[in-house]
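Structural overview for review
Take a look at the letters that make up each chain.
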Amino acid sequence: MLPVVPESLPGSTTPGAQPSDTVSVIIVSYNTCALLRRCLQALAAVYSPLRVWVVDNASTDGSAEAASARPGVRLIALPANVGFAAANNAAIRATSGELILLLNSDTIVPPGAIDGLVAALRASSAAAAAGPRLVDAEGRAELSFGDMVTPLTEWRQKRLLGAAARGTPGALETIEERTRSSRQPDWVSGACLLVRRPDAEAVGLLDERYFMYLEDVDFCAALRARGRRILFTPDVTVTHLRGRSRQASPAATDRAYRDSHRAFYAKHHPRWAPLLDVYLRLKGA
């Protein structure tokens, strides 16, 4: 069971309320039935009761049925695939928890992880959101935070991640070292992101122009624009089976990635947007 919340901060519920009443866990699913089952099973094993909402984007693999079969899980079955941002927003509007945990279906949350995120966020009244250290199935750290996305920061990050994917020892060690320290980055990954409801509502929730990808960076940018902080909490570790969900529809995923990039640069870096279009055309995208 989750511990009793010892304090009441701005936007909190009644002092002494259980985090199970305070945290609304939102999982968006699209044709990831096996992963979703595993995610829900892990949550149920250590957090019971907990408010869990699954938003299914018109899956055809039984994801919605798997979610509805789990005790305590509430299902929002959408008639079409509206994308990650819009699906999350649908559940945020339907829930009432003081804190909102956006969680990918390809994650495995261990005992104490949600407690740790809640504690980290509550310890800083200036923080709007917190994210954990993400690792893959082999325990290798993921670079799940960073500076605001710009052409330069994207180049640096892709260079580092590319080296890590090739197994370059220096790159792997760099990522491991970076993910061992508490930080206040510009963004944390939406694969597991805890946010205060008043802050989420103040920025108008997630921008639904992003079908998939970069909605988390944009969301954190909106929170920071209000003078709020983003926390990276390495004391909390969550397994992220990165890339597994992409296997459901790789071509559509690649297209969504490019479209989100165009939307992001048009919004945040309009001078660079035409160059991005030229770059994508040269790549045949």
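Each chain has its residues counted from 1, running along the sequence as written. Local features in a predicted model are, by the rule used here, given only for residues with pLDDT of at least 70; side-chain atom pairs are given and counted only at 80 or more, and totals for whole chains, interfaces and linings are based on all residues. In computing side-chain properties, one takes all heavy atoms of the structure into account and sets aside hydrogens as well as water.

**Notes on the overall build of the protein**
Note the threshold: Only DSSP runs of H or I covering at least 4 residues are called helices, and only runs of E covering at least 2 are called strands; the numbering of each starts at the N terminus. Burial here depends on accessible area, computed with a 1.4 Å probe over protein chains only, as a share of the maximum for the residue type. Under 20% is buried, over 50% is exposed, and the range in between is partly exposed. By definition, residues are in contact when any of their heavy atoms lie within 4.5 Å.
A count of helical and extended segments in the protein gives eleven helices and ten strands. The 285 residues of the protein split such that 51% are buried. Put simply, of all contacts in the protein between residues at least 6 apart along the chain, 77% involve residues at least 24 apart.

**Some details on helix 11 (residues 273-282)**
Heads up, the rule is: The arc in question is the one spanned by the directions pointing from the helix axis to the C-beta atoms.
If you check which residues of helix 11 are buried, you get Ala273, Leu276 and Leu280. Considered in projection along helix 11, the buried side chains sweep an arc of 55° and stay on one side of the axis. Exposed side of helix 11, more than 90 degrees from the buried face: Leu275, Arg281 and Leu282 are the residues found there. The secondary structure elements touched by the buried residues of helix 11 are helix 10 (250-268).

**Structural notes on the sheet that holds strand 4 (residues 99-104)**
Heads up, the condition is: Pairs of strands are assigned from DSSP output, requiring at least two bridges between the strands. Lines fitted to C-alpha atoms define the axes here, with helix axes fitted over just the stretch in contact, and angles between the N-to-C directions of these axes take values from 0 to 180 degrees.
The eight strands lie next to each other as 3-2-1-4-9-6-10-5, forming an open sheet whose pairing is mixed. Here the strands that pair on one side only, and so sit at the sheet edges, are strand 3 (73-77) and strand 5 (107-108). With respect to the sheet, helix 2 (residues 33-46) is in contact with strand 1 (23-29), strand 2 (51-56), strand 3, strand 4 and strand 5, its orientation differing from that of strand 1 by roughly 165°.

**A few points about the nonpolar core**
Formally: Only buried Ala, Val, Leu, Ile, Met, Phe, Trp, Tyr and Cys residues count toward a nonpolar core, and they belong to the same one when joined by side-chain atoms within 4.5 Å.
One finds Val55, Leu193, Val195 and Phe264 to be the most contacted residues of the largest nonpolar core, which totals 47 residues. Core analysis: the next-biggest nonpolar cluster, separate from the first, contains 31 residues, Ile27, Leu40, Ala67 and Val236 among them.

**As for the confidence of the model for the protein**
Here is the rule: Along the chain, pLDDT gives the predictor's confidence residue by residue, from 0 to 100.
Taken residue by residue, the protein gives an average pLDDT of 88. The fraction at 70 or more is 89%. Throughout residues 1-18 the model reports pLDDT below 50, and contacts reaching past four residues in sequence, or to other chains, amount to 35 contacts.

**Overview of unusual backbone geometry**
With the exception of glycine, the majority of residues adopt a negative phi angle, and the majority of peptide bonds are in the trans configuration. Here the phi dihedral of alanine 58 falls at roughly 60°; this positive angle occurs in a residue that is not glycine. Along the polypeptide, alanine 58 turns up in the loop between strand 2 and helix 3 (63-68). Despite not being glycine, leucine 205 shows a phi value in the positive range, around 65°. Its location among the elements puts leucine 205 in the loop between helix 8 (197-202) and helix 9 (215-225). Residue classification places leucine 205 among the buried positions, given a relative accessible area of 10%.

**Some thoughts on the pairing of strand 10 (residues 229-240)**
Looking at chain direction, strand 5 and strand 10 are connected through two bridges and run antiparallel. Directly across from threonine 107, in strand 10, lies its bridge partner histidine 240. Bridge count for strand 6 (residues 127-135) against strand 10 is eight bridges, and the pairing is parallel. If you follow arginine 133 over to strand 10, its bridge partner there is threonine 237.

**Some details on the packing of aromatic side chains**
We apply this condition: Two rings belonging to Phe, Tyr or Trp (six-membered ring only in the last case) form a pair when the distance between their centres is within 6.5 Å. Interplanar angles under 30 degrees mark stacking, angles over 60 mark edge-to-face geometry, and anything in between is tilted.
Under the counting rule described, the total for this entry stands at four aromatic pairs. Ring geometry for tyrosine 210 versus phenylalanine 264: centroids 6.4 Å apart, planes at 55°, classification tilted. Taken as a pair, tyrosine 210 in the loop between helix 8 and helix 9 and phenylalanine 264 in helix 10 lie far apart in primary sequence, 54 residues in all. No difference in accessibility class separates tyrosine 210 from phenylalanine 264, as the two residues are buried. Between the aromatic rings of tyrosine 213 and tyrosine 257, the centroid separation amounts to 5.2 Å while the plane-to-plane angle is 85°, which identifies the pairing as edge-to-face. Within this pair, whereas tyrosine 213 is found in the loop between helix 8 and helix 9, its partner tyrosine 257 is found in helix 10, the two being separated by 44 residues in sequence. Chaining the aromatic ring pairs together yields one cluster made of Tyr210, Phe264 and Tyr265.

**Quick word on the pattern of salt bridges**
For clarity, the threshold we go by: Take a side-chain nitrogen of Lys or Arg and a carboxyl oxygen of Asp or Glu: if they are within 4 Å of each other, that pair is a salt bridge.
The full count for this structure, using the stated rule, is 15 salt bridges. For arginine 133, the salt bridge is made with glutamate 176, and the minimal N-O distance between the two is 2.7 Å. Of this pair, arginine 133 sits in strand 6 while glutamate 176 is found in helix 7 (residues 169-178), placing the two residues 43 residues apart along the sequence. The class for arginine 133 is buried, based on a relative accessible area of 3%. Where arginine 197 meets glutamate 201, a salt bridge forms, and the shortest distance between an N and an O atom there is 3.6 Å. Note that arginine 197 and glutamate 201 are positioned in helix 8 at a spacing of four residues, about one turn of the helix.

**A look at the packing of helix 6 (residues 151-165) against helix 10**
Where helix 6 meets helix 10, the closest approach of the two axes is 13 Å, and the angle between their N-to-C directions is 145°. Every residue of helix 10 that contacts helix 6 at Pro151, Glu154 and Lys158 is listed here: Tyr257, His261 and Tyr265.

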